[in-house]
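# Results of the structural survey
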Amino acid sequence: MIVRLLGEGQFRVDDALTARLNELDAEVSRAVADGDERALWTGLQALADAVRDGGEKLADEDLRPSDAIIPPEDLSLEEARELLADEGFIPDLPVA
Amino acid sequence: MPGLMARLSLIFKAKFSKALDRAENPNETLDYSYEEQLRQLQNVKRGIADVTTAKKRLEMQYTSMQQQVEKLDGQARQALAAGREDLAREALTRKAAVEAQLETIMQQGQQLEAQQQKLVEGEKTLAAKIEAFRSQKEVIKAQYSAAEAQVRIGEAATGIGEQMADVGLAVQRAKDKTEQMQARASAIDELTAAGSLQDLTSSGDDIDRQLAEISQGSQVDDELAKMKAELGKGEDPPKELEGEKA
């Protein structure tokens, strides 16, 4: 599948890595639910490292949308909640 | 419940599929979509320029705060030399407060620097994708049926929309960061402004004014000393001048 690291770019990852990413993803989701910012950062860092190490970077010209999107590693809890609240965090225009 | 990664992907897709729903004539949609992309790219460039300007302003503020630290240090020495340990202590207290803030601002500045580099990369990627879309749209116009074209446009435009949202988010975060740093810098300005610590000190004296008086006092002393020295040897120079003329 295609994974986007926000602020960094898109990567192609194989099925074996996808399984690992799903595990880490569950940890990150739990951290957000628990309000544990440190666990959130650790989880995001692990996700990003796994994608960078095991994935293959897509060319800039590739127009495919991503199947999964991973937020920046220094995302705060507050930002995480906004990001997942559908409307709040992603700007309508890149610069309004 | 799907994980965070998939939910985010759905949220991003939902954001950019709306515009494509009304696509009736694929060729028109292609051209319109491309123009829209170029317009958004300009917005991104402007956003990055704004961040760069704000960062430069902060760098200047940082420099002036460093000067503030040096100034407070000098004032503390002057106060101590004048036998006013209370004032020296006050100046050093302020100096420590400014230094603590400077440390935080420097760390935030490093984060901002990293974010800014990613912004530039993201903008480059966006420009490359838009250029790829431009060449693909001609192929789509020439080779595909309306129904197929619809699907391909949808995919490509969603991919570009995702990149726009990515860079847009990065611009927003960098702006937030500069605002945070700005707030800290302003707090320091207030902290070091004359009289602002009055409520926090038991004396209630205007320390800045007193430090200024000491500073002025010693400046006056310095000038007096200088004038005395000049007057002391003031009888010689005119003679030299006359000697030269003669």
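Residues numbered from 1 in each chain as written. Chains lettered and ligands numbered in written order. Predicted model: local features only at pLDDT ≥ 70, side-chain atom pairs only at ≥ 80, totals over all residues. Heavy atoms only, no water.

So, on to the packing of helix α2 (residues 26-81) of chain B against helix α3 (residues 85-143) of chain B. Residues and elements named next belong to chain B. Between α2 and α3, the least distance of the axes is 8 Å, while the angle of their chain directions is 165°. Of the possible angle classes, the one that applies to α2 and α3 is roughly antiparallel. In this structure, the crossing between α2 and α3 has a hand that is left-handed. Residues of the contact of α2 with α3, tallied by class, amount to 30 nonpolar, 6 polar and 13 charged. (Axes fitted to C-alpha atoms, helices over the stretch in contact; angles between N-to-C directions. Helix = DSSP H or I, 4+ residues; strand = E, 2+ residues; numbered from the N terminus. Parallel < 35°, antiparallel > 145°, perpendicular 65-115°, else oblique. Left-handed = near helix turned anticlockwise from the far one by under 90°. Nonpolar A, V, L, I, M, F, W, Y, C, P; charged D, E, K, R; others polar.)

This part takes up helix α1 (residues 15-34) of chain A. Residues and elements named next belong to chain A. With 20 residues, α1 should reach 28 Å at 1.5 Å per residue; the first-to-last C-alpha distance of 29 Å fits that figure. Buried within α1 we find Leu 17, Thr 18, Leu 21, Leu 24, Asp 25, Val 28, Ser 29, Ala 31 and Val 32. Projection of α1 onto a plane perpendicular to its axis shows the buried side chains occupying an angular sector of 155°, all on one side. In α1, the exposed residues that point more than 90 degrees away from the buried face are Ala 16, Ala 33 and Asp 34. (Expected span 1.5 Å × (residues − 1). Buried < 20%, exposed > 50% of the residue type's maximum accessible area, 1.4 Å probe, protein only. Arc of directions from axis to C-beta.)

This paragraph deals with the interface of chain B and chain A. The extent of an interface is frequently quoted as the accessible surface area lost upon association of the parts. With 39 residues of chain B at the contact, the number on the chain A side is 43 residues. A buried area of about 3,800 Å², summed over both sides, lies between chain B and chain A, and 61% of it is on carbon and sulfur atoms. Among the residues chain B hides against chain A, the three largest losses belong to Leu 4, Met 5 and Arg 173 of chain B. Together they make up 21% of the total. Put simply, chain B and chain A have 5 salt bridges between them. In this structure, the salt-bridge partner of Glu 162 of chain B is Arg 4 of chain A, at a minimum N-O distance of 2.5 Å. (Contact = heavy atoms within 4.5 Å. Buried area = accessible area lost by both parts, 1.4 Å probe. Salt bridge = Lys/Arg side-chain N within 4 Å of Asp/Glu carboxyl O.)

Residues and elements named next belong to chain B. In this model, chain B carries an average pLDDT of 79, and 80% of its residues clear a pLDDT of 70 or more. The least confident element of chain B, judged by mean pLDDT, is helix α6 (residues 236-245) at 50; the most confident is α3 at 89. Segment residues 194-205: pLDDT under 50, and 14 contacts once partners within four positions in sequence are set aside and those in other chains are kept. Contacts from residues 240-246, a stretch scored under 50 in pLDDT, to residues over four places away or in other chains number 0 contacts. The ipTM, which scores confidence in the relative placement of chains, is 0.86 for this predicted complex, and the corresponding pTM is 0.74. (pLDDT = per-residue confidence, 0-100.)

Right, let's get into the packing of aromatic side chains. Across all of its chains, the model carries 0 aromatic pairs over all chains by this definition. Above the plane of the ring of Phe 11 of chain A lies Lys 57 of chain A, whose end atom (NZ or CZ) is 5.8 Å from the centre. (Phe/Tyr/Trp six-rings, centres within 6.5 Å; stacked < 30°, edge-to-face > 60°. Lys NZ or Arg CZ within 6 Å of the ring centre and 35° of its normal.)

Here we take up the nonpolar core. Grouped together as the largest cluster of nonpolar side chains are 38 residues, with contacts concentrated most on Leu 119, Leu 126, Phe 133 and Ile 160 of chain B. The leading source of residues in this core is α3 of chain B, at 13 residues. In terms of nonpolar packing, the next biggest core, distinct from the first, is built from 31 residues, Leu 21, Leu 40 and Ile 70 of chain A together with Leu 4 of chain B among them. (Core = buried A, V, L, I, M, F, W, Y, C linked by side-chain atoms within 4.5 Å.)

On to the pairing of strand β2 (residues 9-12) of chain A. Residue and element names in this part refer to chain A. Sheet topology places strand β1 (residues 2-5) next to β2; 4 bridges connect them, and they run antiparallel. Bridging from a neighbouring strand, Leu 5 pairs with Gly 9 of β2. Between β1 and β2, which pair antiparallel in sequence order, lie 3 residues; one of them, Gly 7, sits at a positive phi of approximately 80°. For β2 and strand β3 (residues 56-57), the ladder comprises 2 bridges, and the chain directions are antiparallel. Across the sheet, the residue bridging to Phe 11 is Lys 57, located in β3. (Pairing = 2+ DSSP bridges.)

So, about the sheet that holds strand β4 (residues 68-70) of chain A. Residue and element names in this part refer to chain A. With mixed pairing, 4 strands are arranged side by side in an open sheet as β3-β2-β1-β4. Among the strands making up the open sheet, the edge pair consists of β3 and β4. As paired strands, β1 and β4 are joined by 3 bridges and run parallel to one another. When the bridges of β4 are listed, Val 3 appears paired with Ala 68. Relative to the sheet, helix α2 (residues 37-54) contacts β1, β2, β3 and β4, its axis offset from that of β1 by approximately 125°.

So, about the pattern of salt bridges. Counted according to the given criterion, the structure contains 27 salt bridges over all chains. Notably, a salt bridge pairs Glu 123 of chain B with Lys 45 of chain B, separated by 2.8 Å at the nearest N-O pair. Of this pair, Glu 123 of chain B sits in helix α3 while Lys 45 of chain B is found in helix α2, placing the two residues 78 residues apart along the sequence. Judged by its relative accessible area of 15%, Glu 123 of chain B falls in the buried class. It is possible to trace a salt-bridge network through shared partners that takes in Glu 8, Asp 49, Arg 52 and Glu 73 of chain A together with Lys 118 of chain B.

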